[in-house]
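A closer look at the structure
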Amino acid sequence: LAKERTAANTARPGLRKNWNPDGSNTQYGVLGAWALADYGLPMPPGYWQAQDAYWRRDETPEGAFPYRAKDPKSLSDTMAAAGLATLFITQEFLDSEPRLIPRNDKQMENALAYIAETFNGKSTNQYYHYAVERVGLASGLKFLGTHDWYRELAETLVKSQNPDGSWNPAFYHAQGDGITIATS
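No experiment lies behind these values; they were computed from the predicted model shown.

The rules behind the values
- Residues numbered from 1 in each chain as written.
- Predicted model: local features only at pLDDT ≥ 70, side-chain atom pairs only at ≥ 80, totals over all residues.
- Heavy atoms only, no water.
- Helix = DSSP H or I, 4+ residues; strand = E, 2+ residues; numbered from the N terminus.
- Buried < 20%, exposed > 50% of the residue type's maximum accessible area, 1.4 Å probe, protein only.
- Contact = heavy atoms within 4.5 Å.
- Areas by Shrake-Rupley, 256 points an atom, 1.4 Å probe, with all protein chains shown as cover.
- Core = buried A, V, L, I, M, F, W, Y, C linked by side-chain atoms within 4.5 Å.
- pLDDT = per-residue confidence, 0-100.
- Axes fitted to C-alpha atoms, helices over the stretch in contact; angles between N-to-C directions.
- Parallel < 35°, antiparallel > 145°, perpendicular 65-115°, else oblique.
- Left-handed = near helix turned anticlockwise from the far one by under 90°.
- Nonpolar A, V, L, I, M, F, W, Y, C, P; charged D, E, K, R; others polar.
- Salt bridge = Lys/Arg side-chain N within 4 Å of Asp/Glu carboxyl O.
- Arc of directions from axis to C-beta.
- Expected span 1.5 Å × (residues − 1).
- Polar contact = N/O pair within 3.5 Å; in protein donor to acceptor, adjacent residues only side chain to side chain.
- Phe/Tyr/Trp six-rings, centres within 6.5 Å; stacked < 30°, edge-to-face > 60°.

Here we come to the overall build of the protein chain. When you go through the protein chain residue by residue, the secondary structure sums to 8 helices and 2 strands. For the protein chain, with 184 residues in total, the buried portion stands at 39%. Partitioning the intrachain contacts of the protein chain with sequence separation of at least 6 by distance along the chain shows that 65% fall at a separation of at least 24. When the accessible surface of the protein chain is totalled, it reaches about 11300 Å², and 57% of it is carbon and sulfur.

Before going further, it helps to spend a moment on the nonpolar core. Judged by nonpolar contacts, the single largest core of 25 residues is most densely connected at Phe119, Val132 and Leu144. Among the secondary structure elements, those contributing two or more residues to this core are helix H3 (47–58), helix H4 (77–94), helix H5 (106–118), helix H6 (126–139) and helix H7 (149–159). No other element matches the 7 residues that H4 contributes to this core. Counting residues in each nonpolar core, the second largest holds 9 residues, with Ala33, Ala37, Trp48 and Ile89 among its members.

For residues with low pLDDT, the predicted coordinates do not support detailed interpretation. For the protein chain, mean pLDDT is 85; residues scoring 70 or higher make up 82% of the total. The least confident element of the protein chain is helix H8 (residues 178–183), whose mean pLDDT is 50; the most confident is strand E2 (residues 147–148), at 98.

This brings us to the packing of H4 against H6. It is the contact of H4 with H6, at a shortest axis distance of 8 Å, that shows an interaxial angle of 20 degrees. Of the possible angle classes, the one that applies to H4 and H6 is roughly parallel. For the pair H4 and H6, the crossing hand works out as left-handed. Where H4 abuts H6, its residues Asp77, Thr78, Met79, Ala81, Ala82, Leu84, Ala85, Phe88 and Ile89 lie against Tyr127, Tyr128, Ala131, Val132, Arg134, Val135, Ala138 and Ser139. Looking at side-chain class alone, the contact of H4 with H6 contains 13 nonpolar, 2 polar and 2 charged residues.

This brings us to the pattern of salt bridges. Across all of its chains, the model carries 11 salt bridges by this definition. Ionic pairing is found between aspartate 52 and arginine 56, a salt bridge with its closest N-O pair at 2.7 Å. In this pair, aspartate 52 and arginine 56 are both assigned in helix H3, 4 residues apart and thus about one turn of the helix distant. For the residue pair aspartate 52 and arginine 56, the accessibility class agrees, reading buried in each case. Glutamate 133 is paired through a salt bridge with arginine 134; the nearest N and O atoms lie 2.6 Å apart. Overlapping salt bridges bring together Asp52, Arg56, Asp95, Glu97, Arg99, Arg103 and Asp105 as one network.

What follows covers H7. By the burial criterion, the buried members of H7 are Trp149, Leu153 and Thr156. Across the axial projection of H7, the buried residues extend over an arc of 60 degrees, all falling on one side. Of the exposed residues in H7, those oriented more than 90 degrees away from the buried face are Tyr150, Arg151, Val158 and Lys159. Where H7 is buried, its residues touch H6, strand E1 (143–144) and E2.

A word on H6. With 14 residues, H6 extends 20 Å from end C-alpha to end C-alpha; this agrees with the ideal 20 Å at 1.5 Å per step. Most of H6 is tucked away, with 10 of its 14 residues classed as buried. The N-capping residue of H6, defined by a side-chain oxygen 2.8 Å from the backbone nitrogen of tyrosine 127, is asparagine 125. Remark: glycine 140 follows H6 within two positions and exhibits a positive phi of approximately 80 degrees.

Under the counting rule described, the total for this entry stands at 8 aromatic pairs. Where tyrosine 28 meets tyrosine 127, the ring centres are 6.2 Å apart and the plane angle is 35 degrees; that geometry is what we call tilted. With tyrosine 28 in helix H2 (residues 23–39) and tyrosine 127 in helix H6, this residue pair connects regions lying 99 residues apart in the sequence. Taking the centre distance of 5.6 Å and the plane angle of 65 degrees together, the rings of tryptophan 55 and phenylalanine 65 count as edge-to-face.

The structure is reproduced here in structure tokens:
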């Protein structure tokens with residue numbers, strides 16, 4: 001795969017000249033790779049290191065993450081949760097040393113503190129709910145700071161449900177058949 005990618009980029013050198021990955025699509029790729037790895041399929045050598053490095057490179061000192069790489073104007077709560085979830089996932093594959101005391105990781109600590117501080121249990125943004133849920137699943141944490149994240153988001157989700165069982169779209173770029181997307 002790496003050889004094919006290098007060959008493709010060499011054949012079309014301008015293709016990625018202005019390429020700026022976004023955290024949302026990058027996170028979904030990691031989530032897919034995580035599912036495949038849990039199923040037993042190996043990832044290419046260096047995959048988890050590359051993902052870990054990508055997210056760590058763009059994390060702000062406060063623990064936030066941008067939607068677009070190196071674009072501090074694109075910081076968002078959804079990307080903060082996506083970044084933290086991704087770091088928990090990459091560490092599952094990179095940090096296999098058994099220990100009784102957790103490894104000191106300042107970037108993950110900063111991201112966790114940021115999420116706990118900015119947590120919004122009243123948000124109706126379904127993408128935010130999903131991103132926070134991925135943090136909970138990847139970390140095993142029931143609380144983000146003092147917030148019982150699952151209970152708070154579930155309460156908001158139930159309260160925002162329409163009588164027909166659907167939800168109105170409440171996330172960036174939800175348009176068209178948004179009710180189907182938001183309910184998926």
